[in-house]
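Results of the structural survey
Spelled out, the chains give:
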Amino acid sequence: MMPRWRRGLYVVTDPALIAPEDLAAHVGAAIAGGAALVQYRDKAAGPQRLERARAVLTVCRAHHVPLLINDDIALAVAVGADGVHLGRDDAPLTAARQQLGSDAIIGVSCYNELTRAVAAAEGGADYVAFGRFFPSRTKPHATQAEMALLQYAKRRLNIPITAIGGITADNGGTLIEAGADLLAVIHGVFGQADVTAAAAAIAELFDDGTGNRHHRVIGV
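Within each chain, residues carry numbers counting from 1 in the order of the written sequence. Given that the model is predicted, a residue must reach a pLDDT of at least 70 before its local features are reported, and side-chain atom pairs must reach 80 or more before they are shown or counted; all residues, however, enter totals for whole chains, interfaces and linings. Hydrogens and water molecules were not included; the side-chain quantities draw on all heavy atoms of the structure.

Concerning the sheet that holds strand β8 (residues 182-185)
We count it as follows: At least two DSSP bridges between two strands are required for those strands to pair. Secondary structure elements follow DSSP: runs of H or I no shorter than four residues count as helices, runs of E no shorter than two count as strands, and numbering proceeds from the N terminus. Helix axes use the C-alpha atoms of the stretch in contact, all axes being lines fitted to C-alpha atoms, and the angles between their N-to-C directions lie in the range 0 to 180 degrees.
Reading around the circumference, β1-β2-β3-β4-β5-β6-β7-β8 is the order of the 8 strands in this closed barrel, with parallel pairing throughout. Each neighbouring strand pair of the sheet contributes to a mean axis angle of 25°, computed without reference to strand direction. Of the pairings in the sheet, the one linking strand β1 (residues 8-12) to β8 comprises 4 bridges and is parallel in character. Paired with V11 across the strands is V185, a residue of β8.

Put into structure tokens, the structure is as follows:
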């Protein structure tokens with residue numbers, strides 16, 4: 001298992017944006033730009049998912065960045081990933097913890113529901129994710145979350161908070177100010193011509209103004 005991740009940019013892959021043969025290179029480019037956490041997300045791929053996930057894991061291991069698998073506990077186990085991210089219709093948190101162990105990083109989507117986030121935290125989640133906060137190309141009909149939710153969650157929860165949905169270098173700073181520890185980004189990184197530069201622009205939002213990023217370790 002990798003060490004616990006650090007506060008910052010959380011990139012999520014999308015097969016609609018990245019050709020299979022380019023997947024590892026694009027993830028490596030995002031990490032070069034400052035990504036602190038990677039999620040492999042591919043709901044459509046068949047048997048190739050294992051091969052692709054392993055390719056991403058190799059890149060993540062080389063750069064000491066944790067890899068999570070979207071929705072699929074069995075794939076996370078098969079690959080030896082660092083954890084999973086679970087949505088509303090996925091396996092329960094208890095099942096993920098039982099199969100992946102106490103050291104696994106398990107995140108839970110909470111949309112715009114603080115009560116769901118509180119329950120996830122009490123159930124042993126390592127982080128919760130809220131959103132979408134801005135118009136999203138990946139999920140245009142996703143539930144809208146308000147900025148105040150991050151402020152409420154920050155006061156109520158003692159685990160890291162992730163914001164997702166339409167995040168760019170232009171709007172991500174407001175989410176950090178409101179309490180987000182991680183900015184989960186898909187199109188804002190992998191949909192850009194220069195993946196490394198796009199990742200760097202968002203990762204730099206965590207700078208303290210002196211050029212030093214607030215990449216304190218979280219989730220321990």
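Here's the deal with the pairing of strand β6 (residues 127-130)
Going by this rule: We call a residue buried when its accessible area falls under 20% of the maximum for its residue type, exposed when it is over 50%, and partly exposed in between, using a 1.4 Å probe and counting protein chains only. Handedness of a crossover is defined as follows: with both strands directed away from the viewer, a clockwise route from the first strand across the helix to the second makes it right-handed.
Residues Y127 and A129 line one face of β6 and the alternating positions V128 and F130 line the opposite face, and both faces are buried. Note that strand β5 (residues 105-111) and β6 share 4 bridges and pair parallel. If you follow S109 over to β6, its bridge partner there is A129. Crossover handedness for the path β5 to helix α5 (residues 114-122) to β6: right-handed. Of the pairings in the sheet, the one linking β6 to strand β7 (residues 161-164) comprises 3 bridges and is parallel in character. When the sheet's bridge partners are listed, F130 is paired in β7 with A163. The handedness of the β6 to β7 crossover, carried by helix α6 (residues 147-156), is right-handed.

Details of the environment of A145
To be explicit about the condition: In what follows, a contact means two residues having at least one pair of non-hydrogen atoms within 4.5 Å.
On the secondary structure map, A145 appears in the loop between β6 and α6. Put simply, A145 and G80 are 65 residues apart on the chain and 33 Å apart in space, counted from C-alpha to C-alpha. For A145, the contacting residues outside a window of four places in its chain are Y111, N112, G131, R132 and F133.

Overview of the nonpolar core
Convention followed: Working definition of a nonpolar core: buried Ala, Val, Leu, Ile, Met, Phe, Trp, Tyr and Cys residues. They are joined through side-chain atoms within 4.5 Å.
One finds F130, L183 and V189 to be the most contacted residues of the largest nonpolar core, which totals 63 residues. Contacts of V189, omitting those with residues within four sequence positions, involve L9, V11, A30, V195, A198, A199 and I202. Listed in part, the 10 residues of the second largest apolar core include V12, I105, Y127 and A129.

Here's the deal with the layout of surface pockets
Test applied: Only protein atoms enter the 1 Å grid used here, on which a cavity is any set of points holding a 1.4 Å probe that cannot leave and a pocket is any open set flanked by protein within 12 Å on both sides along at least five of seven lines; residues with an atom within 4 Å of a point are listed as lining. Grid points are joined across faces, edges and corners, and a volume is the space filled by probe spheres set on the points. Here the term charged refers only to Asp, Glu, Lys and Arg, the term nonpolar to Ala, Val, Leu, Ile, Met, Phe, Trp, Tyr, Cys and Pro, and the term polar to all other amino acids, Gly among them.
Taken as a whole, the largest pocket holds about 650 Å³ of empty space. At the level of elements, β1, β5, β6, β7, β8 and α8 (187-190) are the ones that each hand at least two residues to the lining of the largest pocket. Per-element tally for the lining of the largest pocket: the top contributor is β6, with 3 residues. Split by residue class, the lining of the largest pocket holds 12 nonpolar, 16 polar and 9 charged.

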